[in-house]
Amino acid sequence: MMQTLIRKSRYTHCYKGFVIHYRPKTAAHRAARYEVFCGDQSFGLFDGKAQAICYIDQLYQMQRLGDVGKRMCDS
């Protein structure tokens, strides 16, 4: 099932329950970055929105494979 990226504000998007927040470049940080959050937990900074989305997809895939492994061990 394909999930959509939902725009919440100018710098914030939601995707599969995660928040992707755009951090524009400043004098101290010369590159714009995207930060991935879920609740109060941060999952790091990424150079592009596509990288952040790919990381979230990987987290979902690892969770799904972990659930399959748990079910197989329970049988």
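The paragraphs below set out a description of the structure included in this document. (Residues numbered from 1 in each chain as written. Predicted model: local features only at pLDDT ≥ 70, side-chain atom pairs only at ≥ 80, totals over all residues. Heavy atoms only, no water.)

**Concerning the pattern of salt bridges**
Part 1: Taken as a whole and assessed by the stated rule, the structure comprises 3 salt bridges.
Part 2: Salt-bridge contacts for R23 lead to E35; the nearest nitrogen and oxygen are separated by 3.1 Å. Of the two residues, R23 sits in strand β3 (residues 18-23) while E35 sits in strand β4 (residues 33-38), which places them 12 residues apart along the sequence.
Part 3: The exposure class of E35 is buried, given its relative accessible area of 13%.
Part 4: When the shortest N-O distance is used, the salt bridge between D47 and R33 registers 3.0 Å. Note that D47 is positioned in the loop between β5 (41-46) and α1 (49-74) and R33 in strand β4, a separation of 14 residues in sequence.
Part 5: Given the relative accessible area of 54%, D47 is considered exposed.
Part 6: Owing to a relative accessible area of 28%, R33 belongs among the partly exposed residues under this scheme. (Salt bridge = Lys/Arg side-chain N within 4 Å of Asp/Glu carboxyl O. Helix = DSSP H or I, 4+ residues; strand = E, 2+ residues; numbered from the N terminus. Buried < 20%, exposed > 50% of the residue type's maximum accessible area, 1.4 Å probe, protein only.)

**A short note on the pairing of strand β2 (residues 12-15)**
Part 1: Across the two faces of β2 the burial is the same, with T12 and C14 and H13 and Y15 all buried.
Part 2: In the sheet, strand β1 (residues 6-7) pairs with β2 via 2 bridges, with the strands oriented antiparallel. Each residue of the ladder has a partner; that of I6, found in β2, is C14.
Part 3: Across 4 bridges, the pairing between β2 and β3 is antiparallel. Bridge assignment links T12 to a residue of β3, and that residue is H21.
Part 4: Linking β2 to β3, which pair antiparallel, is a turn of 2 residues; within it K16 sits at a positive phi near 55°. (Pairing = 2+ DSSP bridges.)

**Section: the side chain of E35**
Part 1: Among the polar contacts made by the side chain of E35, one reaches the side chain of S42 at a distance of 3.0 Å.
Part 2: Every residue in contact with E35, bar those within four places of it in the chain, is listed here: V19, I20, H21, R23, S42, G44 and L45. (Polar contact = N/O pair within 3.5 Å; in protein donor to acceptor, adjacent residues only side chain to side chain. Contact = heavy atoms within 4.5 Å.)

**What about the environment of K16?**
Part 1: If you trace the backbone, K16 turns up in the loop between β2 and β3.
Part 2: For the pair formed by K16 and Y60, sequence separation is 44 residues and the distance between their alpha carbons is 8.8 Å.
Part 3: In this structure K16 touches Q3, I56, D57 and Y60, once residues within four positions along its chain are discounted.
Part 4: Within the structure, the side chain of K16 is placed 2.8 Å from the side chain of D57, a separation counted as a polar contact.

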